[in-house]
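Read off the chains here:
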Amino acid sequence: MRAACALLFAPALLAGGCGAVRCAVHPSRLAFPPLRFTPPEAERVVLDCGAPLYLLRDPRLPLFSFHGMARAGSAYDPKGKEGLAALTAELMRTGGTGGMGADELDRRIEFMGADISVSADQDGAALSLSCLSRDTAGALGIALDMLLRPAFSPEKIDLRKEQVREAIRRWNDEPGQVVSREFRRFVYGPHPYAHPVVGEPGSMNAIGRGDLVAFHRAQFNPSGMIFGTAGDFDRDALVKTLNAALGAKKSPAPPPPPPVEEKGGRAVLLIRKRTEQAHLAAGHVGIRRDDPDYIPVMIMNEILGGGVFSSRMLERIRSAEGLAYSAGTRFTADMQAGMFCASCQTKEATAVEALGIMLEEMERIRAGPVTEEEIARARDSYANSFVFNFTSPSQVVEQMIGIEFMGLPLDYLKTYLAKVAAVTREDVLQAARKHLHPDAATIVVLGDGKELPASLERFGPVRTLTPR
Amino acid sequence: MARARTFRCVLIPGALALALLPAPLLAGTETPLRVDVAEHRLANGLTLLMIEHRQAPVVSCSVFYRVGSANEAPGCTGISHLLEHMMFKGTRTVGTRDWKAEKPLLDRIEALHERLGEPEGGNGDAGEMPRIRRELADAERRADGLVVRNELWKLYMSSGAEDLNAGTGRDRTQYFCSLPANRIELWMALESDRMRNAVFREFYREREVILEERRLTVDDSPEGAFWEQLFATSLIAHPYRWPVIGWKSDIEHLTLPMVDAWYRRYYAPNNAIVVIAGDIAPRQVIALTERYFGPIPAQPPPPRVVTREPPQRGPREARLALDASPRIALAFHKPAVESDDDIALNVLENILSSGRTSRLYRRLVQEKRVAVSVSASCAPAKYPFLFVIHAIPRRPHTVDDVARALREELDTLMKDPVSDWELAKARNQIEADFVRGLESASELASVVGTYAAIDRWDYVNRYIPRVKAVTPLDLSRVAHDYLTEDTCTTVVIR
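In this text, all values refer to a predicted model and were calculated from it rather than measured experimentally.

Structural notes on the overall build of chain A
The helix and strand tally for chain A stands at 17 helices and twelve strands. Taken against the 2.2 N^0.38 rule, which gives 23 Å for 468 residues, the C-alpha radius of gyration of chain A at 25 Å falls within 12% of a compact globule. Overall, the C-alpha framework of chain A stretches about 70 × 65 × 35 Å when taken along its three principal axes. Looking at chain A as a whole, 48% of its 468 residues qualify as buried. Pairs at least 24 apart in sequence give 80% of the contacts found in chain A among residues at least 6 apart.

Put into structure tokens, the structure is as follows:
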């Protein structure tokens, strides 16, 4: 029956006959026409100040976007002034400019329906503008003023500090937030990647307006930034406008953040909080974004716990055992290091069982090669979804900014598919052995059960941690 | 527009697409830009909506069923959401190595579960229970050997699927994913198969998964618990009052036969909308849809939701004693999606809380500094629902300080008409958001499908003209009619 149906398949399409139910052709047997696709490419020009600018013109929608990336993330926060990078970014947006007061700027931006944001993460800070193309001149002028001439109004600094203090005051409300924050803090130890981007309790008191001015001057020099623009615009006029605004002064980009030192050894940390579920996290420092093993590591992680229902961890913990709603692993990769983290939440009675499975799966993928089926699926998934990197002009441009910001080769996207196709089972095994370290994993458990401390002892000496 | 607060997914949702609302594309010109939707109806009643969109060779595919927690009743709350999870377990061909061998084992497992579930002192003698448990464990082990776990998911992922997930809401359940444009037939094959031939294997384990989901997102989450309380207090009769995920005790008592009956009743082609957006050839999409979905028989129309929320006669308040920081919400009754007043309330939502120049942000956050954030939401719903204002107080200010400040602003709104500037700003923002939304095929599919499920898909093209017709007087009137103290429910964590 199946074979007969497979033969009839194409004629049936034309006849509109053969229904899904009667045929029962297994969907895995379907064949697809080839996908014809030439990825759109952004043009790269170098501005007079030396900064690269990516341009992708696409006038099909009356939209304009402008992006700028600076080495101005929380990794540059001075000790004791944690949150300075995030506060500076926010105040560039909300603190007024040399040309205009903060409230008037908000009125103009919002009346246009434009969207301008400046926000920091660990390594970088991104300025981003999106507006209707009829408003480009006005909106771009405002965005450039925010970048080049922020006024840092003391009143708006106060307002933001109060918001940050309140956010920190309530940051132990949601258990998931507590675990991910304390996990990061412990894994990175003394490195500035350890502290939350928003800041630490008390750190707002140590930051003054002068700190913002100085941080902005040091980190947002246009010649050290990377820019991009997408949508409906006049290319030559735009390049001219940017050169006029950003000037021709060349100065070196700020240095990258300091390197991360890995520490060895298992640690088990217990955070006491009254909950119905135990929240579990286990992991360690991971690879840098420019690590040559990046793609094999991502494929390995896809199979281990990144691929959701296609991954070993979720399949076992959720599908086979019914222990948790969410269970999985992540490798994040920043400029100087990344983080590997396996996580899961389960009722306290099954916390030890679930944690055991998490560590077992980390060991198993180091012990022997993954199956042909697993690697084929992971490679296919990466290769076939490649086209989703190009679904809008602004996405293409932002992606190129990210590639250059992280110091990756500028032909990264052109070699990507070949690199994915070349990953073997052996590569995955080597990636797991080299970059996955269950023995040295930091384990964070949040929960309330009386038996928890004793039952966790099997994973290593347990220390009780009081979250900040 | 508003966040879909209790939209539940088989996976933890990322940014859910409901934020966007449509508008004319060439803003500033007289030609209103529309979302061009081609509609096709199958003989079995299935609605097919197609949107051509050629940014990249990708296609976003969704099927929406007109069913959600509003169709449920006490005793079976959460059943729509549990069914959504079960739909990922496969069919008679997907997810099994040998359906003929698996079927009797699944029947046996179900029969044994029924025996275990019998009330104590029932027909069986107590000594039988350990034997039943052993037999059950044995049958489950043998059935496990025949399962190809998560095969549906794996087939999609191998094909490069993105945004693969499903979500259950109050009025609709949707299954969605984006694929490279050459793989559209895979979607047709898998979705038509699970519309007709779903097999609910591993049912009781999945019920445990949902209890874990509830612990994670409601019981241990002050924010989740807060919203659950808000709906349960502000509504006393209408089914919107219970959570989409269901009450814990109801989830614990949902059985496989109940879920199977729910599936047969609601997952019928005449209760479904298929939305395909992206790089498509509509004639080919119609041919594929006819071929794959056409043979599925229509079912009797599902029962209507008849319960109406009675008028609220006096303010209500709920206080939650949780280990969490203070927050406050005010909920007011508002009309269903098709009402013009609902459109005016949408504009009011924008004026009250969209952006730093909005009224509530300016007054409560920037000037009085009693709160650190404040937001209004006016989620579109098939039946009358709620307009909610939610605020986070800033210490040392209390929820009472915030409540007073909110009341003052609402009183002002009723007394003085909003300025032309504020109204023009709201229109501009709604327009610009619409144009941004046109960049994404998946966003378009989600919005068009949602309105098709709760109203009519052309809501998206009627929305902007209706927004433009709203006057300052309309805004004062709806504020006066709906945002009154007597019909307000206040929920707080102190």
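Still more ground to cover, so stick around.
With respect to the sheet that holds strand E6 (residues 226-231) of chain A
All names here are of chain A. Here we have six strands laid out as an open sheet, ordered E1-E2-E6-E3-E5-E4, and mixed in their pairing. This sheet does not close on itself; its edge strands, each paired only once, are strand E1 (43-46) and strand E4 (115-120). Sheet twist, expressed as the average angle between the axes of neighbouring strands with direction ignored, equals 15°. In this sheet, E6 lies alongside strand E2 (residues 52-57) in parallel orientation, the contact comprising five bridges. When the sheet's bridge partners are listed, Tyr54 is paired in E6 with Gly228. Helix H3 (residues 84-94) contacts E4 and strand E5 (125-132) of the sheet and is inclined by roughly 165° relative to E4.

Re the interface of chain A and chain B
In this assembly, 70 residues from chain A lie in contact with 77 residues from chain B. Among the secondary structure elements, those contributing two or more residues to the side of chain A that touches chain B are helix H1 (2-15), helix H2 (20-23), helix H4 (102-112), E5, helix H6 (154-169), helix H11 (312-320), strand E10 (338-347) and helix H13 (372-384) of chain A.

Thoughts on the nonpolar core
One finds Ala143, Leu280, Ala354 and Met358 of chain A together with Leu364 and Val448 of chain B to be the most contacted residues of the largest nonpolar core, which totals 274 residues. In terms of residue count, the dominant contributor to this core is helix H15 (residues 441-454) of chain B (nine residues). Filtering out sequence-adjacent residues up to four positions away, Met358 of chain A remains in contact with Leu280, Ala282, Met313, Ala342 and Cys344 of chain A. Core analysis: the next-biggest nonpolar cluster, separate from the first, contains five residues, Leu106, Ile109, Leu112 and Ala143 of chain B among them.

Focus on the packing of helix H6 (residues 203-219) of chain B against helix H7 (residues 222-234) of chain B
Residues and elements named next belong to chain B. Where H6 contacts H7, the axes come no closer than 6 Å and their chain directions differ by 85°. With respect to H7, the element H6 is oriented roughly perpendicular. Two secondary-structure elements touch here, H6 through Thr217, Val218 and Asp219 and H7 through Gly224, Ala225 and Glu228. Its residues placed into classes, the contact of H6 with H7 shows two nonpolar, two polar and two charged.

Remarks on the pairing of strand E2 (residues 38-41) of chain B
Residue and element names in this part refer to chain B. Relative to strand E3 (residues 47-52), E2 runs antiparallel, the two sharing four bridges. Of the residues in E3, the one forming a bridge with Arg41 is Thr47. In sequence, E2 turns back onto E3 through a hairpin of five residues, with Gly45 there showing a positive phi of about 100°.

Brief notes about the packing of helix H10 (residues 294-306) of chain A against H13 of chain A
All names here are of chain A. Between H10 and H13, the shortest axis-to-axis distance is 10 Å and the interhelical angle comes to 115°. Viewed along their axes, H10 and H13 form a crossing whose handedness is right-handed. Of the residues in H13, those in contact with Ile299, Glu302 and Ile303 of H10 are Glu374, Ala378, Arg379, Ser381 and Tyr382. For the contact of H10 with H13, a count of residues per class yields four nonpolar, one polar and three charged.

Reading guide: rules and limits
Residues numbered from 1 in each chain as written. Chains lettered and ligands numbered in written order. Predicted model: local features only at pLDDT ≥ 70, side-chain atom pairs only at ≥ 80, totals over all residues. Helix = DSSP H or I, 4+ residues; strand = E, 2+ residues; numbered from the N terminus. Rg over C-alpha atoms; globule rule 2.2 N^0.38 Å. Buried ≥ 20, exposed ≤ 12 C-beta atoms within 10 Å, placed from the backbone. Contact = placed C-beta atoms within 7 Å. Pairing = 2+ DSSP bridges. Axes fitted to C-alpha atoms, helices over the stretch in contact; angles between N-to-C directions. Core = buried A, V, L, I, M, F, W, Y, C linked by C-beta atoms within 7 Å. Parallel < 35°, antiparallel > 145°, perpendicular 65-115°, else oblique. Nonpolar A, V, L, I, M, F, W, Y, C, P; charged D, E, K, R; others polar. Left-handed = near helix turned anticlockwise from the far one by under 90°.

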